[in-house]
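Per-entry structural report
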Protein chains: 2
Amino acid sequence: MRVLGVDPGLTRCGVGVVDGTPGRRLSMAGVGVVRTPAEADVAERLVLIERGIEAWLEEYRPECVAVERVFSQHNVRTVMGTAQASAVAMLCAARRGLPVALHTPSEVKAAVTGSGRADKAQVGSMVTRLLRLDAPPKPADAADALALAICHIWRAPVTNRLQEIAAAHRRGTVPVRLPKGIR
Amino acid sequence: MRVLGVDPGLTRCGVGVVDGTPGRRLSMAGVGVVRTPAEADVAERLVLIERGIEAWLEEYRPECVAVERVFSQHNVRTVMGTAQASAVAMLCAARRGLPVALHTPSEVKAAVTGSGRADKAQVGSMVTRLLRLDAPPKPADAADALALAICHIWRAPVTNRLQEIAAAHRRGTVPVRLPKGIR
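Residues numbered from 1 in each chain as written. Chains lettered and ligands numbered in written order. Predicted model: local features only at pLDDT ≥ 70, side-chain atom pairs only at ≥ 80, totals over all residues. Heavy atoms only, no water.

- Per an unreviewed UniProt entry, chain A is named Crossover junction endodeoxyribonuclease RuvC, and its organism is Streptomyces gamaensis.
- Chain A has a UniProt comment under Catalytic activity (unreviewed entry) that states "Endonucleolytic cleavage at a junction such as a reciprocal single-stranded crossover between two homologous DNA duplexes (Holliday junction)."
- According to UniProt, the comment filed for chain A under the heading Sequence similarities (unreviewed entry) is "Belongs to the RuvC family." (UniProt positions renumbered as here; feature names shortened; annotations may be inferred.)

Take a look at the structure:
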């Protein structure tokens, strides 16, 4: 499975492509940052982000896009830009028919380091080890994008199973597995 | 000047097209709502909003798009969806090279009713009078989109002048008009 991870932001949008399946070795296909100038209008910056994400989708052809789920507890100003950048990333993926997965920052940290409260340095260091890189990817947004992709690869089987159950619930056909010996 | 006003939202995105210039009669060219199903994924909903906005831009060919400026003081859940929907509206406009203007809800209310604290009914009633409609457009999102367009038409001369001054400041060529008699 090839996943594009996107750490959304108006100024710096981290992007990282990881190949892998759960329980197997992971490998990095590409990593980078889509930047937009702070002095440009928000609308122009969103156009630049769209172009950047499109270029990554076009070049790496991921099967799935994992985007950081944005919460509004944080800094008010930053959150709006982050929500807008994440909207563009989701739009680019869904427009191509690619599944979009959202993971919270603590899910990503927990998946990669074992702790939902890990700091940037710990995430960077684990990403470096898991992908057998020479040094942590810089800036931190790039490392975070790779962490998102890794998190998605490892969580996908669980998430897919939960989605199947939720869909079955909606259809009213909840699959119940009876213990052995009971019919 | 033809303006498309967009009152952004994931469930209902109000859209309204108004023709006019400051000091002249205004007229409505079109009004409606782009809706997306609440049960769909956010990414899919953003694709539907993009298609909807594109259809309005294609049909009405506005010269400018006015979008409500989103603040995060409000309800946390709603604000994220509103920020995402507004990002798509801004993107669609800027991608076509159309100028995008953002107006706050109180700027819109003040422009249309004279009070920044007017309620939905007052805005709807003033929009109805200003555009000489038979009844207030429904739902409120549609009336708000028209109010945004009207606000933009009336504020545009002021906004343009302020933007020129700001641009001149950035270039270091601030135009200073000296009082008569002074050289």
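**Looking at the UniProt feature "binding site: Mg(2+) 1" (unreviewed entry) in chain A**
All names here are of chain A.
- UniProt tags Asp-7 and Asp-141 as "binding site: Mg(2+) 1" (unreviewed entry). Across 135 residues in sequence, these annotated residues keep their C-alpha atoms within 6.1 Å of one another, forming a single compact spot.
- Looking at where Asp-7 falls in the secondary structure, it is placed in strand S1 (residues 2–7).
- If sequence neighbours within four positions are ignored, Asp-141 has contacts with Asp-7, Arg-12 and Gly-14. (Helix = DSSP H or I, 4+ residues; strand = E, 2+ residues; numbered from the N terminus. Contact = heavy atoms within 4.5 Å.)

**As for the relation of the copies chain A and chain B**
- The two copies are related by a screw operation: chain A maps onto chain B through 180 degrees of rotation and 0.0 Å of translation along the axis, at an RMSD of 0.0 Å. The operation mapping one copy onto its partner corresponds to a two-fold rotation axis. Residue Gln84(A) of chain A places its C-alpha closer to the rotation axis than any other residue of that unit, at 2.6 Å.
- The overlap is high: 100% of the interface residues of chain A also sit at the interface in chain B, so the same surface is used on both sides. (Least-squares fit on C-alpha atoms with pLDDT ≥ 70 in both.)

**Describing the sheet that holds strand S5 (residues 100–103) of chain B**
All names here are of chain B.
- A sheet is described by the order of its strands in space; here five strands give the open sequence S3-S2-S1-S4-S5, paired in mixed fashion. On the outer flanks of this sheet lie strand S3 (27–35) and S5, each paired with one strand and no other. Between one strand and the next, the sheet's axes are offset by a mean angle of 20 degrees, whatever the strand orientation.
- Pairing of strand S2 (residues 12–19) with S3, which is carried by eight bridges, proceeds in the antiparallel orientation. In the strand pairing of S3, Gly-14 is matched with Val-33.
- Each of strand S1 (2–7), S2, S3 and strand S4 (64–68) touches helix H1 (residues 42–60); the most contacted strand, S3, lies at about 165 degrees to it. (Pairing = 2+ DSSP bridges. Axes fitted to C-alpha atoms, helices over the stretch in contact; angles between N-to-C directions.)

**Digging into the environment of Leu131(A)**
Residues and elements named next belong to chain A.
- Tracing the backbone shows Leu-131 in the loop between helix H4 (120–130) and helix H5 (140–171).
- Judged by relative accessible area, Leu-131 falls into the buried class, the value being 5%.
- Apart from the residues within four sequence positions on either side, Leu-131 is in contact with Val-18, Leu-26, Ser-27, Met-28, Leu-146 and Ile-150. (Buried < 20%, exposed > 50% of the residue type's maximum accessible area, 1.4 Å probe, protein only.)

**Details of the pattern of salt bridges**
- Evaluation of the coordinates by the stated rule reveals 20 salt bridges over all chains.
- In this structure, the salt-bridge partner of Glu54(B) is Arg95(B), at a minimum N-O distance of 3.0 Å. Here Arg95(B) lies in helix H2 (residues 76–95) and Glu54(B) lies in helix H1, a separation of 41 residues in the sequence.
- Judged by relative accessible area, Glu54(B) falls into the partly exposed class, the value being 21%.
- Each of Glu50(A), Glu54(A), Glu58(A), Arg61(A), Arg95(A), Arg96(A), Glu50(B), Glu54(B), Glu58(B), Arg61(B), Arg95(B) and Arg96(B) takes part in one network of salt bridges that share partners. (Salt bridge = Lys/Arg side-chain N within 4 Å of Asp/Glu carboxyl O.)

**Here we look at the nonpolar core**
- Core analysis: the biggest nonpolar cluster contains 54 residues, and Val6(A), Ile53(A) and Val6(B) have the highest contact counts within it.
- Among residues more than four places away in sequence, those in contact with Ile53(A) are Val6(A), Cys13(A), Val15(A), Val34(A), Ala89(A) and Cys92(A). (Core = buried A, V, L, I, M, F, W, Y, C linked by side-chain atoms within 4.5 Å.)

**Considerations on the packing of helix H3 (residues 105–113) of chain B against helix H4 (residues 120–130) of chain B**
Residue and element names in this part refer to chain B.
- Interhelical geometry of H3 versus H4 gives an angle of 50 degrees and a closest axis separation of 9 Å. Considering the angle they form, H3 stands oblique to H4. Considering the relative orientation of H3 and H4, their crossing is left-handed. Contacts between H3 and H4 involve Lys-109, Val-112 and Thr-113 from the former and Gln-122, Val-123, Met-126, Val-127 and Leu-130 from the latter.
- Residues that form the contact of H3 with H4 fall into these classes: five nonpolar, two polar and one charged. (Parallel < 35°, antiparallel > 145°, perpendicular 65-115°, else oblique. Left-handed = near helix turned anticlockwise from the far one by under 90°. Nonpolar A, V, L, I, M, F, W, Y, C, P; charged D, E, K, R; others polar.)

**Here we look at the sheet that holds S1(A)**
Residues and elements named next belong to chain A.
- Taken in spatial order, the five strands line up as S3-S2-S1-S4-S5 in an open sheet, and their pairing is mixed. Each edge of the open sheet is held by one strand with a lone partner, namely strand S3 (27–35) and strand S5 (100–103). Going across the sheet, the axis of each strand differs from the next one's by a mean of 20 degrees, ignoring polarity.

**Description of the interface of chain A and chain B**
- Chain A puts 21 residues into the contact, and the matching count from chain B is 21 residues.
- Here chain A meets chain B over a buried area of about 1800 Å², counting both sides, of which 78% is carbon and sulfur.
- Linking chain A with chain B are two salt bridges, by the criterion used here.
- Between Arg95(B) and Glu50(A) there is a salt bridge whose closest N-O contact spans 2.5 Å.
- If you look at where chain A meets chain B, you find two residue pairs in polar contact (both at pLDDT 80 or more). (Buried area = accessible area lost by both parts, 1.4 Å probe. Polar contact = N/O pair within 3.5 Å; in protein donor to acceptor, adjacent residues only side chain to side chain.)

**Topic: unusual backbone geometry**
All names here are of chain A.
- Cis rather than trans, the peptide bond between Lys-138 and Pro-139 has omega equal to -10 degrees.
- With respect to the helices, strands and loops of the structure, Pro-139 is situated in the loop between H4 and H5.
- You will see that Arg-61, though not glycine, has its phi angle at about 45 degrees, which is positive.
- In this structure, Arg-61 sits in the loop between helix H1 (42–60) and strand S4 (64–68).

**Some words on the UniProt feature "active site" (unreviewed entry) in chain A**
Residues and elements named next belong to chain A.
- The positions that UniProt labels "active site" (unreviewed entry) are, in the present scheme, Asp-7, Glu-68 and Asp-141.
- Taking the relative accessible area as the measure of exposure, Asp-7 reaches 7% and is therefore buried.
- Contact partners of Asp-7, with chain neighbours within four places excluded, come to Arg-12, Cys-13, Gly-14, Glu-68, Asp-141, Asp-144, Ala-145 and Leu-148.
- Tracing the chain through its elements places Asp-141 in helix H5.
- Here Arg-12 takes part through its side chain, which lies 3.0 Å from a polar atom of the side chain of Asp-141.

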